[in-house]
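Survey of secondary and tertiary structure
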Amino acid sequence: MQWRSLLLGLLLLRLGLQVLLGLLPALAPGLCLRRRFPFPFPPPPAALGPPGAAAGPGSSHWGSLLRRGGGGGAGGDEYERRYSGAFPPQLRARLRDAARGMFVFGYDSYMQHAFPRDELDPLHCRGRGPDRQDPSNLNINDVLGNYSLTLIDALDTLAVMGNSSEFQKAVKLVIDTVSFDKDSTVQVFEATIRVLGSLLSAHIIITDTKQPFGDMTIKDYDNELLHMARDLAVRLLPAFENTKTGIPYPRVNLKKGVPPDGNNETCTAGAGSLLVEFGILSRLLGDSTFEWVARRAVKALWSLRSNNTGLLGNVVNIQTGHWVGKQSGLGAGSDSFYEYLLKSYILFGEKEDLEMFNDAYRNIQNHLRRGREACNEGEGDPPLYVNVNMFTGQLMNTWIDSLQAFFPGLQVLIGDVEDAICLHAFYYAIWKRYGALPERYNWQLQAPDVPFYPLRPELVESTYLLYQATKNPFYLHVGMDILQSLEKYTKAKCGYATLHHVVEKTKEDRMESFFLSETCKYLYLLFDEENPLHKSGNKYMFTTEGHIVSVDERFRNSLWQDILPGEVDSVEKIKPNELKAVNFSSNCNRVPDERRYLLPLKSNYMRQIDQMVGLI
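Residues numbered from 1 in each chain as written. Predicted model: local features only at pLDDT ≥ 70, side-chain atom pairs only at ≥ 80, totals over all residues. Heavy atoms only, no water.

The chain is annotated in an unreviewed UniProt entry as alpha-1,2-Mannosidase of Caloenas nicobarica. Quoted verbatim from the Sequence similarities (unreviewed entry) field of UniProt, the annotation for the chain is "Belongs to the glycosyl hydrolase 47 family." Checking UniProt for the chain, the heading Cofactor (unreviewed entry) contains the comment "Ca(2+)". (UniProt positions renumbered as here; feature names shortened; annotations may be inferred.)

This is the structure:
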């Protein structure tokens, strides 16, 4: 009986402590208890009021369809009335057509006013190429190589939207007019994901015997896009030479190789996010060279992670392996490194890729994640991933950037859907406040640190993938909000323009190519339930630039035995069903069928996040 008395005593002690903790905020309002954030967020309220600045469906020109079609319940709180319930099919069809119209307007404007230059200036209706007058203008020159970038980047979007005639015309234009024999110094990462990836995606679409998107074949096609992809990749290979670590130089001149004054510092994402495109190219050609150099770079970066935390920094010296930037986060400089660890496994089936990803994901959860353990239950702050010092795990700053909005989509791919729901809700709350995502948002000041928005796709991407995972109409509402904001704030005379300031809604004269390759594509697919990509029975994966590649056996088979010299025994194929989420508290099975037409995040937690970003 002694242990029972002891247990009863402990329970009474715990109850007393909980009562005391409940009284402390009133006694010492400046004290922050049981919080991993450096400042307190509002606790989730028991009752809800209206969502404040969040625009309701009645404020849009599609609102009448929502009211007629039963888009929200008659009872419940404001969040439930706005977001839950079935989404009218006629509204969905109109939104699909609006997303297609957005792409068509941007694409046609580029072809009319900018082609064959790289990008469209939508305010002045003219083309833009590399800045020859100012080689140090890396914001432009890293991306624009004088090779009709926007046309190439948009190829598979044309196919996904079923426009076979324009796809065939665009492919022929690329074959006939584009050359990579240019005196252009470009970033290896940007050329790989935007150009190389699109050429490979279009080649796969053209040569697919099933032709799920309609007849996308090209008469007398002789693998020209594949040959162009190889030509470009060969011109990028000098970046991997004369580097003591195997980590590539960040930039290369397409004619002359690495510039004499080439920078020895590169970011983790830029050097470590080449494996998908280079690996596909190697396996299509039967030439291990490209995958070999890309995989060597990944393993070199991986070997430099902290012994203490297991984290990587964001900027490294390619000669010494010294971390110049010690920030570890999920945004710019790091984001797609983690993405491609997982996607390389999905595509190629190499066990080491999955092992690296699982280890990285575990360390991210241990050191970057703040807030309560579970997304949809418990007390405390909503989950958020912050920037920390790679060696200590200590907070480095109080901002996050818009690129991090990709991470919920990555979490969907590993089955960590519950955590993805919470993080996505945070970024959506910021979007509701500004009608866009600022490039950097300071969560402590509840204000943008860097206020521009260059039409990035990451929030739309995660919205699309969460909808595919949950089929919850909430994400159709999110997509509708994003589509409306883009039309309202970014549409210009000839296309869609970067927002210079998300608060003031001033515009910059630039439409980056990823707007057509990703933003419009994900919006269109969100509303196009019957798209062949969803219905054909084929399995597809999106690259980090949103290009589609088929997931099939030919990419899981290589013609060579070793991936890296001396490591034959470590390379092992594993089956897709061996993919496991390492966050023990979350998996796909935690989203039951009965929640399909309810809010994915409980309304009190959704209101807490809206308060967290200053929306209400």
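**Focus on the state of the cysteines**
Inspection of every chain in the model, using the stated rule, returns 2 disulfides. With a sulfur-sulfur separation of 1.9 Å, Cys-125 is cross-linked through a disulfide to Cys-494. Here the S-S torsion is close to 80°, and the disulfide linking Cys-125 with Cys-494 is therefore right-handed. On the criterion of sequence distance, the pair formed by Cys-125 in the loop between strand E1 (119-121) and strand E2 (126-128) and Cys-494 in the loop between strand E15 (491-492) and strand E16 (495-496) is long-range, its members being 369 residues apart. (Disulfide = S-S within 2.5 Å. Helix = DSSP H or I, 4+ residues; strand = E, 2+ residues; numbered from the N terminus.)

**Brief notes about the packing of helix H9 (residues 188-207) against helix H12 (residues 275-285)**
Between H9 and H12, the least distance of the axes is 10 Å, while the angle of their chain directions is 40°. On the basis of the axis angle, H9 is oblique to H12. Crossing angle aside, the handedness with which H9 passes H12 is left-handed. Residues Thr-192, Ile-193, Leu-196, Gly-197, Leu-200, His-203 and Ile-204 of H9 form the contact with H12, whose participating residues are Glu-277, Phe-278, Ile-280, Leu-281 and Leu-284. When grouped by side-chain class, the residues that make up the contact of H9 with H12 number 8 nonpolar, 3 polar and 1 charged. (Axes fitted to C-alpha atoms, helices over the stretch in contact; angles between N-to-C directions. Parallel < 35°, antiparallel > 145°, perpendicular 65-115°, else oblique. Left-handed = near helix turned anticlockwise from the far one by under 90°. Contact = heavy atoms within 4.5 Å. Nonpolar A, V, L, I, M, F, W, Y, C, P; charged D, E, K, R; others polar.)

**Overview of the nonpolar core**
Residues Phe-167, Phe-278 and Phe-426 are the most contacted members of the largest nonpolar core, which totals 172 residues. Top contributing element to this core by residue count: helix H17 (residues 417-434), with 13 residues. Those residues in contact with Phe-278 that sit more than four places away from it in its chain are Thr-192, Leu-196, Leu-236, Leu-237, Phe-240, Phe-290, Glu-291, Val-293 and Ala-294. (Core = buried A, V, L, I, M, F, W, Y, C linked by side-chain atoms within 4.5 Å. Buried < 20%, exposed > 50% of the residue type's maximum accessible area, 1.4 Å probe, protein only.)

**Details of the UniProt feature "active site" (unreviewed entry) in the chain**
Mapped onto the present numbering, the UniProt feature "active site" (unreviewed entry) falls at Glu-190, Asp-335, Glu-439 and Glu-458. We classify Glu-190 as buried; its relative accessible area is 15%. Leave out the neighbours within four places in its chain, and Glu-190 touches Asp-142, Val-143 and Val-195. Here Glu-458 lies in helix H18 (residues 458-470).

**Points about the sheet that holds strand E13 (residues 440-442)**
On the basis of which strands lie adjacent, the open sheet formed by 3 strands has the order E12-E13-E14 and antiparallel pairing. The open sheet has two edge strands with one neighbour each: strand E12 (399-401) and strand E14 (447-450). On average, adjacent strands in this sheet sit at an angle of 35° to one another, irrespective of strand direction. Where E12 meets E13, 3 bridges bridge the pair, whose relative direction is antiparallel. Bridge assignment links Trp-399 to a residue of E13, and that residue is Asn-442. Contacting E12, E13 and E14, H17 runs over the sheet at an angle of about 95° to E13. (Pairing = 2+ DSSP bridges.)

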